[in-house]
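Report on the structure
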Amino acid sequence: LSATTAIVRNAWRTSSSSRHFRLLSTAVSSSCDNTIIKKIRAAAGVRGTRRFSDDSNGLLTRQVDANGVNFRVQQRNPNASHQILCLAGSLGTASSDFSVQLKDAGWDGRNGAASATSSSPSSSCPSIGLVAIDPRGLAGSSRTSSGTLLERDYPPDFYLRDALDGASIMSSLGYAEYSVMGWSDGANAALHLAAHPLTKDFVTALIVWGGNSYVTEEDVRAYEAVRDVSRSWSERMRKDKAAVHGGIEALQALNDKYTDAMRDILYERSGDVCLSELHRITCPTLVVHGMKDVICHEHHARYIARQIQNSQLVLLPEGKHNLHMKHAVEFREIVKQFLLHDSSKEEMEENVVNDDQPDIDGIAYGFMGSKALFAALRGRIFDAIDSATQQSAPGVYASLGTIE
């Protein structure tokens, strides 16, 4: 205890804040419980939770300075060799969008569905670390590094900005390589992160669901339909989001800015969210789509999967937009199989949609550019080509399977 205390005291006084807990957990055996950790912290003179905190669910919370913003970061398994950066959806935060994953002991090196109740680790499945962040201007990331209040805004490049924020946070935490997992708007930012020349080499694998590489009039109509949070949002969703963002009025103002940003992408950027970036993604990519998702249509998932050369598409028949919450165990196992290439991977591959059509839309992008390509996408030209290809050469496609 005394030796460990000395290490922690020195780390607290001399190290950057992002390293404090990592040094502490390295010094303390993984078998130590919270009581012993608290004794070490007290003996070392460590006070408060500004630098790091932990709870009974194994969730760590800290503030990290990156790109001029003081970000709130929540982690599970910070010392695992494989880390996943989790990027939240529209108006989402680490706790609102990834609390199920962050509290799930199934990421702790235990095997399969039994991991949710079993306390004995399995050597066959190593731990996976999760790093979830509150996007700049939201919740715990609402101040600059100097302490100035920061409001969420949506400039034309906000997806790329969110991507670069995530990469900077991972660098500050000391992770040189990591996977990225993005949901909805977070999926769009994740695609940018995996494609950008300054960050793509850090990304070892990519998992996205509920995202869209382009915006159509149909999409904007859907956004407009839920612009008024008092009329179009469910009471539970409205209450939860208002609590996070400072009340109904603040939530409405945020949603107005977001909806306006989607209209701007359509009419000022020809609908291009990341069309020009997809072909630059080279890391292994898993695209998951819920067949009952009424917010993001299936054609978005199929287009993303077709454009990324080293990709797999998995369709969940009962999945909705928030499939990672409603089907958390199933989702976790799909991700773990994809990342760790364990003995179950062959079973997963039997249920993957093999979308190996000739990359007509990718070739078209090279000749047409984003504006013409968007017009073709809007007219569902490539979907028609896809359908014709399946009818003329059904053997090219695997039969659509499901993951039960």
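For the structure, check the block above.
This one's a predicted model, so the numbers in the text were calculated from it and none came from an experiment. (Residues numbered from 1 in each chain as written. Predicted model: local features only at pLDDT ≥ 70, side-chain atom pairs only at ≥ 80, totals over all residues. Heavy atoms only, no water.)

1. Structural notes on the overall build of the protein chain
Scanning the protein chain from terminus to terminus reveals 16 helices and 10 strands. Relative to its full complement of 404 residues, the protein chain shows a buried share of 53%. Within the protein chain, contacts between residues separated by at least 24 positions form 73% of all contacts whose residues are at least 6 apart in sequence. With an accessible surface of roughly 18,100 Å², the protein chain has 50% of that area assigned to carbon and sulfur atoms. (Helix = DSSP H or I, 4+ residues; strand = E, 2+ residues; numbered from the N terminus. Buried < 20%, exposed > 50% of the residue type's maximum accessible area, 1.4 Å probe, protein only. Contact = heavy atoms within 4.5 Å. Areas by Shrake-Rupley, 256 points an atom, 1.4 Å probe, with all protein chains shown as cover.)

2. Remarks on the packing of aromatic side chains
Across all of its chains, the model carries 8 aromatic pairs by this definition. Consider the rings of Y154 and Y258, whose centres lie 5.7 Å apart with planes at 70°: the pair is edge-to-face. With Y154 in the loop between β6 (143–144) and α5 (158–172) and Y258 in helix α10 (residues 248–268), the pair connects residues that are 104 residues apart, well separated along the chain. Each member of the pair, Y154 together with Y258, is buried. Aromatic pair F158 and Y159: ring centres 4.1 Å apart, planes at 35°, arrangement tilted. Here the two residues F158 and Y159 agree in accessibility, since each one is buried. Here the aromatic cluster, defined as three or more aromatic residues joined through ring pairs, consists of Y154, F158, Y159, Y223 and Y258. (Phe/Tyr/Trp six-rings, centres within 6.5 Å; stacked < 30°, edge-to-face > 60°.)

3. Some points on the pattern of salt bridges
Tallied over the entire structure, the rule returns 17 salt bridges. For R72, the salt bridge is made with D134, and the minimal N-O distance between the two is 2.8 Å. In this pair, R72 sits in strand β3 (residues 69–76) while D134 sits in the loop between β5 (128–133) and β6, placing the two residues 62 residues apart along the sequence. In this structure, the salt-bridge partner of R227 is E224, at a minimum N-O distance of 2.8 Å. In this structure E224 comes out as partly exposed when scored by relative accessible area, which is 27%. Salt bridges linked by common partners bring E224, R227, D256, D260 and R263 together as one network. (Salt bridge = Lys/Arg side-chain N within 4 Å of Asp/Glu carboxyl O.)

4. A few points about helix α13 (residues 328–340)
Taking 1.5 Å of rise per residue, 13 residues should cover 18 Å, and α13 covers 18 Å from first to last C-alpha, within 8% of that figure. Turning to α13, its buried residues number three or more, namely A328, F331, R332, E333, I334, V335, K336, Q337, F338 and L339. Once α13 ends, the next one or two residues include H341, with phi positive near 50°. (Expected span 1.5 Å × (residues − 1).)

5. Points about the side chain of D162
Following the sequence through the fold, D162 ends up in helix α5. There is a polar contact of 2.8 Å between the side chain of D162 and the side chain of R152. (Polar contact = N/O pair within 3.5 Å; in protein donor to acceptor, adjacent residues only side chain to side chain.)

6. Focus on the environment of A139
Tracing the backbone shows A139 in the loop between β5 and β6. Separated by 67 residues in sequence, A139 and R72 have C-alpha atoms that sit 8.2 Å apart.

7. Quick notes on the nonpolar core
In globular proteins that are soluble, nonpolar side chains generally tend to be buried together. With 61 residues, the main nonpolar core has Y178, L191, L206 and I281 as its most contacted residues. Apart from residues no more than four positions distant in its own chain, Y178 is found in contact with Q83, L85, A167, M170, L193, F202, V203, T204 and A205. (Core = buried A, V, L, I, M, F, W, Y, C linked by side-chain atoms within 4.5 Å.)

8. Concerning the environment of E224
Residue placement: E224 occurs in helix α7 (residues 217–225). Contact partners of E224, with chain neighbours within four places excluded, come to T259 and R263. A distance of 2.8 Å separates a polar atom in the side chain of E224 from a polar atom in the side chain of R227. Within polar-contact distance, the side chain of E224 engages the side chain of R263 at 3.3 Å.

9. Quick word on unusual backbone geometry
Even without being glycine, S184 reaches a positive phi, approximately 60°. Note on placement: S184 falls in the loop between β7 (178–183) and α6 (185–195). Take S184: its relative accessible area is 13%, and that puts it in the buried class. For S270, which is not a glycine, the phi torsion comes out positive at approximately 55°. Here S270 shows up in the loop between α10 and β9 (285–290). The buried category is assigned to S270, whose relative accessible area is 17%.

10. A closer look at the packing of α5 against α6
Two elements in contact, α5 and α6, have axes separated by 8 Å at closest approach and are oriented at 70°. Compared by their axis directions, α5 and α6 come out roughly perpendicular. Note on element contacts: α6 touches α5 through D185, N188, A189, H192 and L193, opposite F158, Y159, L160, D162, A163 and A167. The residue inventory of the contact of α5 with α6, partitioned by class, reads 7 nonpolar, 2 polar and 2 charged. (Axes fitted to C-alpha atoms, helices over the stretch in contact; angles between N-to-C directions. Parallel < 35°, antiparallel > 145°, perpendicular 65-115°, else oblique. Nonpolar A, V, L, I, M, F, W, Y, C, P; charged D, E, K, R; others polar.)

11. A word on helix α9 (residues 235–245)
Residues of α9 that are buried include every one of R238, K241, A242 and H245, and no others. Taken end-on, α9 shows its buried residues confined to a sector of 105°, consistent with a single buried face. Within α9, the exposed residues directed more than 90 degrees away from the buried face are R236, K239 and A243. Among the structural elements, α4 (94–102), α8 (229–232) and α10 are those in contact with the buried residues of α9. Once α9 ends, the next one or two residues include G246, with phi positive near 95°. (Arc of directions from axis to C-beta.)

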